[in-house]
Amino acid sequence: MGRLFAIEIIYRGIFQKTLGKHISRSIVLAAHKEDKLGISFGRYGDSPERNGIPAKNFAIVATDEQTLEEGMAKYEPKEVDITIAVDDTLCKGVESWAWYGLQPVNRLLKPGGTLIVTSREQPEALIEMAHRKEYPYKLAIVKGTPSFSGLWVYKDDHTDVRILGAIARILPELFSLESVQKAIMDEWHDELKATSAGKSYERTTSLTVQPNQGNPEEPYRFDFPKWHEMGEGIAIPSIPAGHSFEDPTTHAVGGFRPDRNPTFKKFSTRTMRPVVNFDTCIKCTLCWLQCPDSCFDVTPDGLYDANMQACCGCGVCEAVCPVKDCVTMVNETEFRDNASQWEMWKKDKEGYKTWLEEKIKSHPERSHGFRYRGQYEEQVPEMLEIAREG
Ligand code: SF4
Ligand code: SF4
């Protein structure tokens with residue numbers, strides 16, 4: 001029996017589809033250089049891939065055919081040596097819509113396995129976002145903003161090869177840097193990309209994340225029904241319409257909060273979230289009307305509070321709001337919970353104002369495909385500079 005390697009690549013559906021494919025395919029091509037066998041494939045729950053929704057590719061590599069066949073006899077790997085998240089906001093969890101509820105980004109990692117994240121954050125910030133595991137795992141960061149390389153514009157920022165260089169450093173049994181660089185030259189004929197892989201190899205370090213570090217929340221768990229437990233037919237409970245609710249300061253009851261699916265959380269699709277200045281809101285209703293996910297609760301005092309369990313971060317509310325800077329999209333890495341902004345504002349208006357200003361000021365810009373055309377293109381030179389200089 002030979003050795004089996006499994007690598008998982010978690011990416012943002014559509015936006016990073018080409019990037020995810022390049023990474024998983026190149027892993028197999030680099031392993032071929034050492035006479036290993038492998039296969040790369042996409043895995044997206046049971047429904048079509050959509051904009052921004054977490055999706056996965058896998059690369060399975062083995063030292064011999066029988067081991068590969070055995071490794072492939074599963075629908076998807078039950079455990080992996082490396083998980084790669086090509087967008088740091090995925091550290092909050094992965095819910096790929098109609099899959100199986102919000103799952104920790106590190107769920108499939110073996111003991112001692114490595115989570116590689118592309119990010120400009122410090123390790124502490126990423127560790128705080130990821131759910132705790134029962135055993136230690138490692139974290140490595142490939143410095144950079146989440147790449148949209150290969151989307152509707154092909155603007156290469158070398159994220160793919162920099163990740164390959166990091167893998168060669170972390171898991172040398174899979175392939176060497178030399179094999180990675182040979183595969184790059186065969187595939188892209190690009191010395192600069194091979195150099196970027198080498199620099200990433202040299203710079204890559206990892207740290208161990210202990211079981212007591214990370215998000216302590218219990219991730220969603222479920223049990224599949226056994227075939228012999230299944231009845232004839234199935235009844236799917238509908239979601240109730242919604243209800244009024246209480247103002248935490250005046251205790252007035254009013255407004256309307258739609259009831260939402262208790263297990264289907266869309267927030268892991270979000271890379272940015274709207275923050276609302278309730279002091280300047282003119283209650284025009286446009287955000288509430290136009291939000292494609294019915295995220296807004298109408299508060300008892302007639303304001304509109306975006307529910308952060310349901311918001312997928314599309315940015316429509318920011319775009320339609322007629323009041324300057326009333327709704328601002330902020331990088332999701334700036335937040336640690338999904339608490340109600342309106343409740344925070346009601347309880348402490350001055351404190352909320354300070355919080356709001358800090359969030360808006362501190363956030364590094366993100367391109368998530370909706371803000372304005374060409375935003376990602378503007379980031380490419382900076383990313384190539386990071387690839388060169390670290
Ligand atoms: S970003 Fe705004 S419009 Fe889009 S889902 Fe969230 S609350 Fe709704
Ligand atoms: S669109 Fe802007 S001004 Fe209008 S209700 Fe929403 S937050 Fe208030």
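What you see is a predicted model, and the numbers here were worked out from it, not measured in a lab.

(A) Region of the structure containing the site of ligand 2. Contacts to ligand 2 come from Cys-281, Ile-282, Lys-283, Cys-284, Thr-285, Cys-287, Tyr-304, Cys-321, Pro-322, Val-323, Cys-326 and Val-327. Its residues assigned to classes, the shell around ligand 2 shows ten nonpolar, one polar and one charged.

(B) How the structure looks around helix α1 (residues 17-32). The first and last C-alpha atoms of α1 sit 23 Å apart over 16 residues, in line with the 22 Å expected at 1.5 Å per residue. Those residues of α1 that sit buried are Leu-19, Gly-20, His-22, Ile-23, Ser-24, Ser-26, Ile-27, Val-28, Ala-30 and Ala-31. Taken together, the buried residues of α1 touch β1 (4-12), β2 (37-43), β3 (54-62), β4 (80-85), α4 (159-170) and α5 (177-188).

(C) Layout of the domain arrangement of the protein. Domain assignment breaks the protein into domain 1 (4-221) and domain 2 (242-362). Each of domain 1 and domain 2 has a C-alpha centre, and these two points are 33 Å apart. A combined buried area of about 1,400 Å² lies between domain 1 and domain 2, and 57% of that area is made up of carbon and sulfur atoms. Where domain 1 touches domain 2, the interface holds two salt bridges.

(D) Structural detail: the pattern of salt bridges. Inspection of every chain in the model, using the stated rule, returns 22 salt bridges. Arg-270 is paired through a salt bridge with Glu-332; the nearest N and O atoms lie 2.9 Å apart. Placement of the pair is Arg-270 in the loop between β9 (253-258) and β10 (272-276) and Glu-332 in the loop between β13 (327-331) and α9 (341-347), with a sequence separation of 62 residues. The buried category is assigned to Glu-332, whose relative accessible area is 1%. The partner of Asp-325 in a salt bridge is Lys-324, with the nearest N and O atoms 3.3 Å apart. Each member of the pair Asp-325 and Lys-324 is classed as exposed. Here the residues in one salt-bridge network are Arg-3, Asp-81, Lys-110 and Glu-173, joined through shared partners.

(E) Expanded view of the nonpolar core. In this structure, Ile-27, Ile-84, Ile-167, Leu-174 and Phe-175 are the most contacted members of the largest nonpolar core, which totals 33 residues. Elements with a minimum of two residues in this core: β1, α1, β3, β4, β6 (137-143), α4, α5 and α6 (191-203). Counting 27 residues, the second largest nonpolar core, distinct from the first, contains Val-276, Cys-295, Val-330 and Phe-335.

Reading the values: the criteria
- Residues numbered from 1 in each chain as written.
- Chains lettered and ligands numbered in written order.
- Predicted model: local features only at pLDDT ≥ 70, side-chain atom pairs only at ≥ 80, totals over all residues.
- Heavy atoms only, no water.
- Near = heavy atom within 4 Å.
- Nonpolar A, V, L, I, M, F, W, Y, C, P; charged D, E, K, R; others polar.
- Helix = DSSP H or I, 4+ residues; strand = E, 2+ residues; numbered from the N terminus.
- Expected span 1.5 Å × (residues − 1).
- Buried < 20%, exposed > 50% of the residue type's maximum accessible area, 1.4 Å probe, protein only.
- Contact = heavy atoms within 4.5 Å.
- Domains from an automatic or database assignment.
- Buried area = accessible area lost by both parts, 1.4 Å probe.
- Salt bridge = Lys/Arg side-chain N within 4 Å of Asp/Glu carboxyl O.
- Core = buried A, V, L, I, M, F, W, Y, C linked by side-chain atoms within 4.5 Å.

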